Each structure stands twice: as structure tokens, then as C-alpha cells.
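An overview of the molecular structure
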Amino acid sequence: MLLQVSAFAQSPIVIKFSHVVASDAPKGQAAQRFKELAEKSTHGRVKVELYPNSTLYKDKEELEALQLGAVQMLAPSLAKFGPLGIKEFEVFDIPYIFPSKDVLYSVTQGPIGKDLLKKLEPKGITGLSFWDNGFKDFSANKPIHLPSDMKGLRLRIQSSKVLDTQMRVLGATPQVLAFSEVYQALRSSFVDGTENPPSNLYTQKMYEVQKHMTITNHGYLGYAVIVNKKFWDGLPGDIRDELNQAMAEATMYANTIAQQENDKALAAVKKTGKTKVYVLNDQEKAAWRKALLPVQKEVEQRIGKDLVANINKEAAKFGYD
């Protein structure tokens, strides 16, 4: 331990921070903010190296790389933890379980969120924070106004049993693909469409290969910022404190810019004229909610009935049934 502390004192502690989105996406900007805060607050004792856009590891590789210590920090989407064996994280994939940002933040920033992050520790992972991206919308090369319009479409999903169930309930065929492969899959018509917040659709140029987008806000896409537990526990206490503070500030920044970036991205997509954006009316919104409600019942045994019930109780506090 003395040798380890001495080594830390002599040279900067390097944190390799890998992620799969563009630098100008909300997560990319938040990662940059964390880098700046961390390096400033530690007076150069920490150096954060950013690897955006899957330049270091792809979706399917990054969690294993973190567990092996090949990379120190990630911000994977919450859907990535189900395949790791922590099925509780799949609750974030349930359509319409978060009827508003208030409900979402009461979960991610409260006791439920803390308990979820603790479940990562047996996997050699320390969870630091939840970062927001936004609510997802469907896109395809045909108009999708009602749930019935999804029938027969081949839709890209993240590796998630809940998302698989969601697509099958809608009559669509789910296709698991790494995020870095989605644009080409859409371009070649290997898949017909996908689900993303506007910021992902825009920064990854998916609007070039999708003719239609419908503002469904049906699901949530967020991230958990995580570190290799052995690396984190081995840091000097004062460094860890500074990094925790930098992460808290970066999280506030991430959650503030996410909606702004999605609004800007949606306006930019409309401006291109390549993707026609459709906004649901109240009757159509109700139809989507009704069509997707069975997903919650189908997956609650897998995820945990109590967890699902507790999130629904949080929603009830804000007046949602």
C-alpha cells in the first residue's frame, strides 16, 4: 500500500474514460466537464483521458474491459447491466414507468438509485452517479402514428429482455446491435428503425437514413457512471473526495444540458428536412400507453415486483396513477 501511495504521489493518476457516443452528445459533454473539474480540483494529480465514439471499446466490450482494469471509468446506458446479471437495472427500460423527469430524479437521486448502484459492487464495479440523456422516440422509414404501425418492422434495440418484450408486444421484431453499428444497419436496411432520444439520432446522423420519427417519449435512456472498484478503493482518500465532488458537479451539468441538447437536436433534425417528425395527439398518446402497459406485468417477476411497485409509488407522489 505504501508503494502504491508513493506511486500515486510521483505521477498523475490516469483515468481512462471510455464511452460510445459522440463528444457533442450530452454524455460526451458531461464527460468533458468531469475531466476539466477533476483535473482542476486535483491540481494535476489526476489526468482523465476521454475515448468517445467507441474508439477504445464498443458496447459489448467495455464492461468486461472495466472489470479487468483495462479502462477505469465508463458511463454505459442502464440497459447494459441486465446482461451483466443485475436484472434490477432493467426497470429503467420499462416503457412509460417514468411519466416525468420529477419521478425519474426522485428515483435516481434517492434511496432506490443508491440501492441499485450498490448492486454493482459484487461485480467489481463502483457506481458513482446517474447521468440523464432523455426520453426515447421511435424512428423508421414509414410513418408510425399508432402502435399498430409497428407491426412487422425490424427494430434495433440494446441487449435488454425488457426492450425485447416491448418490441414483441408491439408486433415488431427486435434486433440487438451495438450502438456503433446502428447507422450502417439503418443505411443498409438490415433494420427498419430504432428508438433514441433526439440527441443520439442527430449526433450519429441517423436522420440521414430514417424518413420518419414520432415523438413517443415511451422509454428512458440514461447512464450510470461507473469505475473499477479495485482502482477506486486504491485511490488516496483526498483524491477520491475531490473526484466525488467533481462527479457531483458533472452530474448536475449532465442533467441540465440533456433536455437542452435534445430540444436543439430535434430542431436540427427538422431543419434538415430528411426526417419527418410527427407529434402524437392526446388520443394517440393514450393508445401507445395502453398498448405498452402489458410490458410491465410481463417483466416484473424478472426485475422484482417490489422494485417496480416502489417506482410506481414514487410516481403516485407526483400525482401519476
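Structure: see above.
1. Quick look at the side chain of T275
With respect to the helices and strands, the residue T275 is situated in the loop between α10 (237-272) and β9 (276-279). Within polar-contact distance, the side chain of T275 engages the backbone oxygen of Y207 at 3.0 Å. Engagement of the side chain of T275 in a polar contact is seen with the backbone oxygen of Q210, the distance being 2.6 Å. If we ignore the near neighbours within four places in the chain, the residues touching T275 are Y207, Q210, K211, H212, M213 and V269.

2. Considering unusual backbone geometry
The phi angle of most residues is negative, glycine excepted, and most peptide bonds adopt the trans form. We note that N53 has phi near 55°; this positive angle belongs to a residue other than glycine. Mapped onto the secondary structure, N53 falls in the loop between β2 (46-51) and α3 (59-68). By relative accessible area, which is 40% here, N53 ends up partly exposed. With phi around 50°, N217 is a residue other than glycine that occupies positive phi space.

3. Quick notes on the packing of helix α2 (residues 26-41) against α10
One way to put it is that α2 packs onto α10 with a least axis distance of 8 Å and a crossing angle of 155°. It follows that α2 is roughly antiparallel to α10 by the angle criterion. Crossing geometry of α2 relative to α10 is assigned as right-handed. Contact residues: P26, Q29, A30, R33, F34, L37, A38 and S41 in α2; E242, L243, A246, M247, E249, A250, Y253, A254, I257, A258 and E261 in α10. Residues belonging to the contact of α2 with α10 are distributed by class as follows: 13 nonpolar, 2 polar and 4 charged.

4. Focus: the layout of surface pockets
Estimates place the volume of the largest pocket at around 300 Å³. If you go around the largest pocket, the residues you meet are P95, Y96, I97, P99, R289, K290, L293, Q296, N312, A315, Y320 and D321. Every element with two or more residues in the lining of the largest pocket is listed here: α11 (282-303) and α12 (305-317). Split by residue class, the lining of the largest pocket holds 7 nonpolar, 2 polar and 3 charged.

5. Examining the environment of Q245
As for its placement among the helices and strands, Q245 is situated in helix α10. For Q245 and F92, which are 153 residues apart along the polypeptide, the C-alpha to C-alpha distance reads 26 Å.

6. What to know about the packing of aromatic side chains
Counting across every chain of the model gives 11 aromatic pairs. Among the aromatic residues, ring-to-ring pairing joins F81, F89, F92, F98, F130, F135 and Y220 into one connected group. The aromatic ring of Y253 is capped on one face by R33, whose charged end is 3.9 Å from the ring centroid. Directly above the ring of F190 sits R154, whose terminal nitrogen or CZ lies 4.8 Å from the centroid.

Definitions and cut-offs
Residues numbered from 1 in each chain as written. Predicted model: local features only at pLDDT ≥ 70, side-chain atom pairs only at ≥ 80, totals over all residues. Heavy atoms only, no water. Helix = DSSP H or I, 4+ residues; strand = E, 2+ residues; numbered from the N terminus. Polar contact = N/O pair within 3.5 Å; in protein donor to acceptor, adjacent residues only side chain to side chain. Contact = heavy atoms within 4.5 Å. Buried < 20%, exposed > 50% of the residue type's maximum accessible area, 1.4 Å probe, protein only. Axes fitted to C-alpha atoms, helices over the stretch in contact; angles between N-to-C directions. Parallel < 35°, antiparallel > 145°, perpendicular 65-115°, else oblique. Left-handed = near helix turned anticlockwise from the far one by under 90°. Nonpolar A, V, L, I, M, F, W, Y, C, P; charged D, E, K, R; others polar. 1 Å grid on protein atoms, 1.4 Å probe; cavity = no way out; pocket = protein on both sides within 12 Å on 5 of 7 lines; lining within 4 Å. Points joined across faces, edges and corners; volume = space filled by probe spheres on them. Phe/Tyr/Trp six-rings, centres within 6.5 Å; stacked < 30°, edge-to-face > 60°. Lys NZ or Arg CZ within 6 Å of the ring centre and 35° of its normal.

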